[in-house]
Each structure stands twice: as structure tokens, then as C-alpha cells.
Amino acid sequence: MTVSIQAKKSNNKKLLVSLLTASLAVAFTTQAEAKQSDPEAAVTSLHGKAIFHKHGLDDDLPKLGMSSLAQGEHLVEHVNRTITIDGKAKQSAAYMVKNTDNKGNIDLRIKYNPDELDEDEKILDEIEQTTRTEYRLRNYAQSYDASSVKAVEREDGVVEVSFKYSKYGLPQDIAYFRFFNVTIEAKDGVPLRMLITNSKPFKYDKYDAEKYEQVIEFKQLENGESYIARKHIVIEGHHRKKSMRYESEITPVAFFDDNEGVSVVDREGLAEVSDPRMQVQNVKLDRVFPLMGDMVRRQGIDLPLPFGISVAYRNQDMNIPMNDFVIQGVRLNDLFDPSESTAAVNAESFSVRGDVNILPFWNVFGYLGQIKVDANIDAQYTGKAGEAIRDKLNDKLNGLGDAFCDGLSALCNTGRLNVPLHLEYDLRGVGTTLSVGYREFFASVTGTYSQTRLKGLDDWGDGIVTVQPMLGYQLVDYRAQLFVGAEYQGLDSRMQGTVRTGDIEFDYDVGVDIDRWAFLTGFNKQIGKNYNLSVLYNKGETRDSFTVNLGYRF
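Bear in mind the structure is a predicted one, so any value in this text is a computation, not a measurement. Here the residue numbers are simple positions, counted from 1 along each chain's written sequence. Totals for whole chains, interfaces and linings use every residue, but because this is a predicted model, local features are given only for residues with pLDDT of at least 70 and side-chain atom pairs only at 80 or more, for both listing and counting. Where side-chain values are given, they derive from all heavy atoms of the structure, hydrogens and water being excluded.

Chemist: Explain the overall build of the protein to me, please; I cannot follow it from the model alone.
Modeler: Check the secondary structure of the protein and you find 9 helices and 27 strands. Using a 1.4 Å probe, the Shrake-Rupley method yields the accessible areas, and only the shown protein chains count as cover for residues. Carbon together with sulfur atoms contributes 52% to the accessible area of the protein, which is approximately 26,700 Å² in total. Strands here mean DSSP runs of E at least two residues long; helices mean DSSP runs of H or I at least four residues long; both are numbered from the N terminus.

Chemist: Teacher, can you tell me more about the confidence of the model for the protein here?
Modeler: Parts of the model with low pLDDT should not have their predicted coordinates read in detail. Averaged over all residues, the pLDDT of the protein is 79; the fraction at 70 or higher stands at 71%. Highest mean pLDDT in the protein belongs to strand β8 (residues 190-198) (95); lowest belongs to strand β1 (residues 4-6) (40). The pLDDT value expresses, per residue, how confident the predictor is, ranging between 0 and 100.

Chemist: Explanation requested: the pattern of salt bridges in the structure shown.
Modeler: Opposite charge on two side chains allows them to pair when their charged atoms are near. Each reported salt bridge corresponds to a side-chain nitrogen of Lys or Arg within 4 Å of a carboxyl oxygen of Asp or Glu. Evaluation of the coordinates by the stated rule reveals 15 salt bridges. Ionic pairing is found between Arg109 and Asp107, a salt bridge with its closest N-O pair at 2.9 Å. Relative accessibility under 20% of the residue-type maximum defines a buried residue, over 50% an exposed one, and the middle range a partly exposed one, all with a 1.4 Å probe and only protein chains included. On the accessibility criterion, Arg109 (26% relative accessible area) is partly exposed. Using a relative accessible area of 31% as the deciding quantity, one classes Asp107 as partly exposed.

Chemist: Could you clarify how one ought to interpret the nonpolar core in this entry?
Modeler: In globular proteins that are soluble, nonpolar side chains generally tend to be buried together. Ranked by size, the top nonpolar core spans 36 residues in total, and within it Phe52, Phe163, Tyr165, Phe180, Phe202, Tyr204 and Ile235 carry the most contacts. Looking at this core, the element that brings in the most residues is strand β10 (residues 207-220), giving 5 residues. Not counting residues up to four positions away in its chain, the partners in contact with Phe163 are Phe52, Pro62, Tyr144, Ser148, Val149, Phe180, Asn181, Val182 and Ile184. For the purposes of this section, nonpolar cores are sets of buried Ala, Val, Leu, Ile, Met, Phe, Trp, Tyr and Cys residues that join through side-chain atoms within 4.5 Å. Ranked by size, the runner-up nonpolar core spans 22 residues in total, among them Ala375, Val419, Leu427 and Ile464. By definition in these notes, contact holds between two residues if any of their heavy atoms fall within 4.5 Å.

Chemist: For this particular structure, what's the right way to read the side chain of Ser248?
Modeler: Here Ser248 shows up in strand β12 (residues 242-257). Residue Ser248 is classed as buried on the basis of its relative accessible area of 4%. In this structure Ser248 touches Val79, Asn80, Arg81, Lys231, His232 and Ile233, once residues within four positions along its chain are discounted.

Chemist: Explain the packing of aromatic side chains here, please?
Modeler: Describing an aromatic ring pair means giving the distance of the ring centres and the angle of the ring planes. Here the aromatic set is Phe, Tyr and Trp, taking the six-membered ring for Trp, and pairing holds for ring centres within 6.5 Å; pairs whose planes are under 30 degrees apart are stacked, those over 60 apart are edge-to-face, and all others are tilted. Following the criterion strictly, the structure yields 16 aromatic pairs and no others. With a centroid separation of 6.2 Å and 55° between ring planes, the pair formed by Phe52 and Phe163 is classed as tilted. Taken together, the residues span a long stretch of sequence, with Phe52 in helix α2 (residues 39-54) and Phe163 in strand β6 (residues 159-164) at a distance of 111 residues. Summarising the burial analysis for this pair, Phe52 and Phe163 share the class buried. With 5.2 Å between their ring centres and 70° between their planes, Phe441 and Tyr473 make a pair best called edge-to-face. With a gap of 32 residues between them, Phe441 in strand β20 (residues 441-454) and Tyr473 in strand β21 (residues 464-475) connect regions that are remote in the sequence. Judged by relative accessible area, Tyr473 falls into the partly exposed class, the value being 34%. Following the ring pairs from residue to residue traces out a cluster consisting of Phe52, Tyr144, Phe163 and Tyr165. Above the plane of the ring of Phe365 lies Arg353, whose end atom (NZ or CZ) is 3.5 Å from the centre. Only when the NZ atom of a Lys or the CZ atom of an Arg is both within 6 Å of the ring centre and within 35 degrees of the ring normal do we say a charge sits over the ring.

Chemist: Help me out: how do you make sense of a nonpolar patch on the surface in this one?
Modeler: Only residues whose relative accessible area exceeds 30% and that form no salt bridge enter a patch; like-charged residues are grouped when within 9 Å of one another, and nonpolar side chains (Val, Leu, Ile, Met, Phe, Trp, Tyr) when within 5 Å. On the surface, Ile309, Val311, Phe350, Val352, Ile527, Tyr531, Leu550, Tyr552 and Phe554 cluster together into a nonpolar patch covering about 780 Å² of accessible area. Elements with a contribution of two residues or more to the nonpolar patch: β15 (307-327), β17 (336-359) and β27 (543-553). Here Leu550 is to be found in strand β27. When its relative accessible area of 43% is taken as the criterion, Leu550 is described as partly exposed.

Chemist: Help me understand the environment of Gly366 in this model?
Modeler: Within the secondary structure, Gly366 sits in strand β18 (residues 362-381). For the pair formed by Gly366 and Tyr449, sequence separation is 83 residues and the distance between their alpha carbons is 9.6 Å. Residues in contact with Gly366, not counting those within four places in the same chain, are Val352, Arg353, Gly354, Gly429 and Val430.

Chemist: Please explain a negative patch on the surface as it appears in this structure.
Modeler: Think of it this way: Lys and Arg go in the positive column, Asp and Glu in the negative one, and His and the chain ends go nowhere. Just so you know, the charge point we use is NZ for Lys, CZ for Arg, CG for Asp and CD for Glu. On the surface, Glu73, Glu225, Asp257, Asp258 and Glu260 cluster together into a patch of negative charge. Here Glu260 shows up in the loop between β12 and β13 (261-264). Look at Glu260 and you get exposed, because its relative accessible area is 52%.

And the structure:
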């Protein structure tokens, strides 16, 4: 039997929309988790700082390994970079000019001579990206693992202070610093050199880095302050299966201080960068979202990139027990046994979602999609209608009713009635996620409000609310999260609508027994600095499903 359905603005839409809302909320929830630095490290950091102070060193020195832009509010640096891929070298040189106003707003510019840039038109964009990363890293002065700080005093009077960067307090897209081992050489409280090497291969921008070495040489200004006289970075690895060598050298040109005045360390460079013929490119540094993001990052809390877009596929099966049959306003529980009747529903959905982190702990999103539903209503026919007809016919003529039932046995005996349905819906919805992190652990709650519309109709059905509380654990070194939780779907206890089959049309109102809560578990894995993959499994008394989500953050 072929059946089509014309849906009303009714409660059966609430049932169908619930088939997707869980995947839309959970598949991206883990991307919005705030990851707080180790609180125990905050306690032991006194010990870490004490080692620096014991040897007369500033405990802000670790940040210079991350960013030379942390040296002052106003400075000029020269950058010389060479990238060799499969034996072909590309070399470029430029100046970075940093200025900070009285309100703390930073203006960062790249000044360059086009003749000193490689013909590759993207080279300036790559320099800008590197500069932006240097700017972001300047805030992570205390992002070293205080418990890893050690000092060794050599016979020549040089002390070696070694440490590792924290795996908790670094942004996801530049967290490769957690693989670095750092040694600072100092004598009589004056830093001489900093050496940084990697312990594991890692992804550096678009390159696969196998060997990393950064050497920083320090000198002192006339006022006794130390500065980076030379910062040399060499990275060896591969790019698209081709050998790669990245070499960068940063040297200072001048420092500008409101109190101390100007300290020039490279007069020829200062003359060149002051040439009005030099071209300028501004570097956009600060982002609007998430609000208060920089303040949170300075506290050692890891935040994802603010914007995201994702696609999700969900497949869900539901076995729905029934408890009441009403057709055209007439209750037919005597004819069809609700306790022996069920509806088996399979739903496949595909959706596209966009989101933004308004605050570090608050994500909002909206989504559009489609749902395809195949259902089979399996009703238990009691045979009582045929029995009533048989009894009346037998009363009129003995044996007539029995003959009638012999000819129409399906009407007089118990049996099963199967009604297949196929439905296609449009979907739209909005939602929000609140989250909090503590060391490797995080918790979140996500709420969504969704509506569906039967294909071919103009009206959207009543909305449905879904809530998902979750607890999770982050595998910091692997940038992956495991989570468990529950899912609430605010389903109605009745399905209502209109059935059309040929020239026959009738309204139905069916009572159902649905468990609104279900268990969920899954994982999220970050792939590179922009992509992530989420997989979710959901299990309840009346439903089970799996969801796959692929997202991109920018």
C-alpha cells in the first residue's frame, strides 16, 4: 500500500525534528571548550620563578623564545627568511614595525622593498601570518611548565636554566611549543643565549617539521636591559613529500622607549626602513570575537578559533510503542491493540551549520538541513470488527456469519497491519553552548530550538527543544576530546496528521510511549589547526543513532 502524508502544524513534526537536533548540537560542542592551565602549576610556579630569580634572571625570558615582539612597546626589527623546497630556494627580507598607543592598542606594519621579496606573490601573506603568530605568542610569558624548571651551574660560572613549555596554556593552532626543550645560558645574572629544540615532529604552518632549532643571542643596551641581538630559526622536514628547509633570522634595528628614548642598534637598517619609498602593509592583529579573548588567553586558557562551519550526517533508528488510536475523532483501541503495535522509524539527515564564539565560554550557532524518514507502522488488528459482523449475520441466518468470515478471514481473525510511510522535511534551528574547563576535564551544556517543514508545504511546524549536558576529558598531546553525557528531546506524547491513500483521506491521532532521555558518548579530534572530526553514538530505550561531523574553524 502506497501512502502519502499531508502534515498539519502538529506534534508529529516534533517527533521528526528530534531525529537530528542532537547531532547538530553535540557534533560541535567540544570545539567550544575552554581549556584552563594546570592549577597545580600555578602553585608550583613559585618554585619555578624562584629558580630564575635565584640566578638574577627575569622569569619573562621564556616569552622571548616565542616572540621577539615581546621585547618592547615600540620597536623595529629586520626579518630575513629563506625557504628551500626540493632544492629550490626562495628568499625574502622585510622590516616589522611595532607601535603601541597610550590605550594599549598595537599598530603592526610590514615595511619592505619589493625588490627584496621573492617573486612568489604569497610570500608577503606568509610573512604577515608569521608576524601575526609572533604577536599572539607575546602574551604567553608564563606558559612554561614551572615544575620542569631546572638549573645546572657549570665550572666556568655559566648557569644553564632549562624548562619546557606548558601543554595546557597554549592555543590549539600554535601548541607545537609543547614539544620544545629550552635551555637558557646566563652568567652573573645576564642571559647569554637561549637554545630551543624539539622532542617530537610537529606541524608548522603547512610544513611537516622533523627537526627544529632556535638560537637566541642576547646583548645589553646602555641602560643594562637585555635584548635579542639575533634570533635564528632552522626547521628541516617535508612539504608535500618534498624535502624542506626553513631558515629565519630576526635582528633588532631600534628600540623606542617613552622614558629612555631611542636605542639604535642598526643605523643602516633604521635609515633604510625610514625611506619613504618603502612600501607598507598593515597587519590586522586583534579579532572582535571572542570578546575578552586576549584577557582569557593571558590567564593560560586555550581557546579555539572564533568562527566555524561544519557539515553533519546522522542516522537514527527509533522503535516507538503506541498506546492509543484515534481515527477521524473515533477511538479504535477495540479494533487495534495499542499495546501490541509499534512504529519503526529510520531517519537520515544532512545539515550545514555556522557558529561563532561570542565569549570564551559561550558559543551560538544556526543550522539548515534536510531529513528523510522511512517509517513502518505495525498495528495489531484484534478481529473484533469481523466478529461483530459475524454475530449479527448469524442472528439473521444461522451460518451466514460463519460463511462471511470464511470468505473474509482477515477481517474476522487477529492479524498485523503494516503501513509504510516516506517523509522528507526541511530543517532549521538555532542553539547555544556554555562550557567550562579544568585541567584536562571539561563540562558543557548545549540547547537547541528546531523546526521542520514537510516538503511542498509553506508552513513550519511547532518547535522542539533539545538539551545535552556533557562531561569530557581532553587528551592534550593529541588535541582530542572524549566525552559522555545525556540527551533530552522534548518530544510530544502524541503524533497527529492526515493520511491520504488514493481517494481516501482521514485524520489520525496516535498516542506513543517515548523515552525523552538517552545516553551519548563520542570523541572529537582536531586535524591540523583548522579542521576537526567528531563522532557521536547515542543509545536510549526507544532510539539509537550515530553522527559524523566535519568542521572547519577560522
